[in-house]
Amino acid sequence: MKFMKLGIRPDTFYTEEATRTLISDLRGDIVIQVNDTSYLLHKFPLLPKCGLLQRLCSESGDSNNFTVELHDLPGGEEAFELCAKFCYGITINVSARNFVPAFCAAKFLRMNESVEKGNMVLKLEAFFASCILEGWKDSIVTLQSTSNLPEWSETYGITRKCIDSIVEKVLTPPSKVAWSYTYTRPGYSKKSRHSVPKDWWTEDISDLDIDMFRCIITAIKTTCIMPPQLIGEALHVYACRWLPDTTKKSPLEAGLVPQTEGLKEKNWLILGTIVSMIPGDRGSVSVGFLLRLLSIAYYVGASPVTKSELIRRCSLQFEEATMSDLLFPSHLTSEGHSYDVDLVVAVLESLVVLWRRQPPTAAENRHFLGSIRKVGKLIDSYIQVVVKDVNMPVSKIVSLAEALPDIARPEHDDLYKAINIYLKAHPDLSKADRKRLCRSLDCQKLSPEVRAHAVKNERLPLRTVVQVLFFEQERGSKETNHKLLLPELIRRGTQALTAGNDEGKLKVGPDEKLSRREGPGRTTIARTSERDQQKMKRSDGKLPLALERKLAISEIEEVESEKEKEIREEGMSRRKLEPKKIVSKGSRSDHSQDRVRER
């Protein structure tokens, strides 16, 4: 960083009784009040160079110990002291860090050429044009310092000149970049590489605050020279620098601090500005970056407009996502599960809406069909990961499975694997939840190997097993699978019915018929002939009506038997708790006689 040295005298300023003065044989004759600091100085070195002090002193007349209040001086005490030392010839150093307050204060005090030749304003302007604007990092540091005096910097043209200088250097071809820059990407070494990377400028401008960064990006976009991918990379670097990292499971590991109101407002502003600056070109930013911004939006509580725009952008590029792009931890303390499933479901629902709006063009439909099937494969793999979480509720898995349209899954093998993993991780799952989980499974889209495994899977509901068996027989595998799979159904049905009703009787006859008696009624699940199956087949691809009714009756009986069992157990527990009642024989006979009389 370059600096300019002015003056040759040593610094003799000191503080005495809350007043700043300097060592001198002459007594001070002017007091200048700047905010809370008083300066006891001399008129003869100040007035020849400061046009403002000349006018103020001429208006007050020739009075000793003249006092001037400069509370609105830009830059405050530090800027005024630089100007005062320049008037005394004391050595000062001006750099990109203190140029803005020094220049604004000098302009305010009217230290220009009309007052005296070679004044401070002229020297600062020469340093600004020849050193600061010609340098890369000096221009960025100066532009950043203008945020402390935004109105003064705009008035004197400092902000605009710095922005123009930075944009001009950003648009310079990488082969002509001769200045120093910061580039700390993994795997990059300036010693081993001779060519300058195309995004060499992105890290340095990320030091700016969001308003100045927005001005730089907007100016770059208006030139229509920079590729959208490089603008997207600059947005990515800035987001990584200033927004919280929501990809870590632990808040301490992610560096997440409690969201105070001030920090929330800052994050809202940064996130909303970045989203508004994303180029409209597809592929300007990766879908992984968009999903991360969406996760941050949920974490910081961004506006609905910001969330909706991010969800829309994510759905447009969702086919490009990978598994690592979707695995965001849930930061809500109220939810015990580890993964943010709602984020993925929101993007999927937006994708389905876009799919339904597609025009009936054959070529576009083929492209979108391939894209949505690729997404379906990714989602089934994602489900297989999140179902391993023991705290993941069934509703989240069902919403994920049902968010995709039917055409997204030409086969359901991966979905079956995910359901099986979930049932293993949740052995205490209720029957209702197991049925709800398996409802999204289409048994017709299972491969023969998976169907054979499903029939023997003790964790699946009986209805699902019956559906697998029926569609297996429909496919014409009678000689092999019919002999192997139907006894499995009989065994599973036997276990389900005997467990459901202790009073019912289960009989397996020589002709492999299942019968269940319960009072006067009787429900029978029998093996039908091929001709009967053809009569019972339905056109909608579901189970036959007769088999559906039998399964429904069986499920109703299971529920009723469970309720009866609970009532019996509750009655037994009450009898154990209540004291035994002793009833005499006489009283019983009298009661019976009363009943006969009533008849």
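Keep in mind the model is a prediction, meaning the values are calculated, not measured. (Residues numbered from 1 in each chain as written. Predicted model: local features only at pLDDT ≥ 70, side-chain atom pairs only at ≥ 80, totals over all residues. Heavy atoms only, no water.)

(A) Quick peek at the overall build of the chain. Scanning the chain from terminus to terminus reveals 27 helices and 10 strands. The proportion of buried residues among the 599 residues of the chain is 45%. Long-range pairs, those at least 24 residues apart, make up 68% of the contacts in the chain with a sequence separation of at least 6. (Helix = DSSP H or I, 4+ residues; strand = E, 2+ residues; numbered from the N terminus. Buried < 20%, exposed > 50% of the residue type's maximum accessible area, 1.4 Å probe, protein only. Contact = heavy atoms within 4.5 Å.)

(B) Fine view of the pattern of salt bridges. Scanning the entire structure with this criterion turns up 16 salt bridges. Across the salt bridge formed by Glu233 and Arg185, the nearest N and O atoms sit 2.9 Å from each other. Here the residue Glu233 occupies a position in helix α11 (residues 228–242), and Arg185 occupies one in the loop between α8 (158–170) and α9 (202–205), the gap between them amounting to 48 residues. A residue is classified by how much of its surface remains accessible, and Glu233, at 25% relative accessible area, is partly exposed. The exposure class assigned to Arg185 is buried, which follows from its relative accessible area of 19%. Ionic pairing is found between Arg409 and Asp380, a salt bridge with its closest N-O pair at 2.9 Å. Taken together, the residues span a long stretch of sequence, with Arg409 in the loop between α19 (394–403) and α20 (413–425) and Asp380 in helix α18 (residues 362–386) at a distance of 29 residues. Just as Arg409 is buried, Asp380 falls in that class too. Residues joined in a network through salt bridges with shared partners are Asp11, Arg20, Glu81 and Lys85. (Salt bridge = Lys/Arg side-chain N within 4 Å of Asp/Glu carboxyl O.)

(C) Local environment of the packing of aromatic side chains. Taken as a whole, this structure holds 13 aromatic pairs when the rule is applied. An angle of 35 degrees between the planes, with centres 5.9 Å apart, marks the rings of Trp152 and Tyr156 as tilted. Relative accessible area serves as the criterion here: at 29%, Trp152 is assigned to the partly exposed category. For Tyr156, a relative accessible area of 21% translates into the label partly exposed. On the numbers, 5.5 Å between centres and 70 degrees between planes, the contact of Phe470 with Phe471 is edge-to-face. Residue classification places Phe470 among the buried residues on the basis of a relative accessible area of 9%. (Phe/Tyr/Trp six-rings, centres within 6.5 Å; stacked < 30°, edge-to-face > 60°.)

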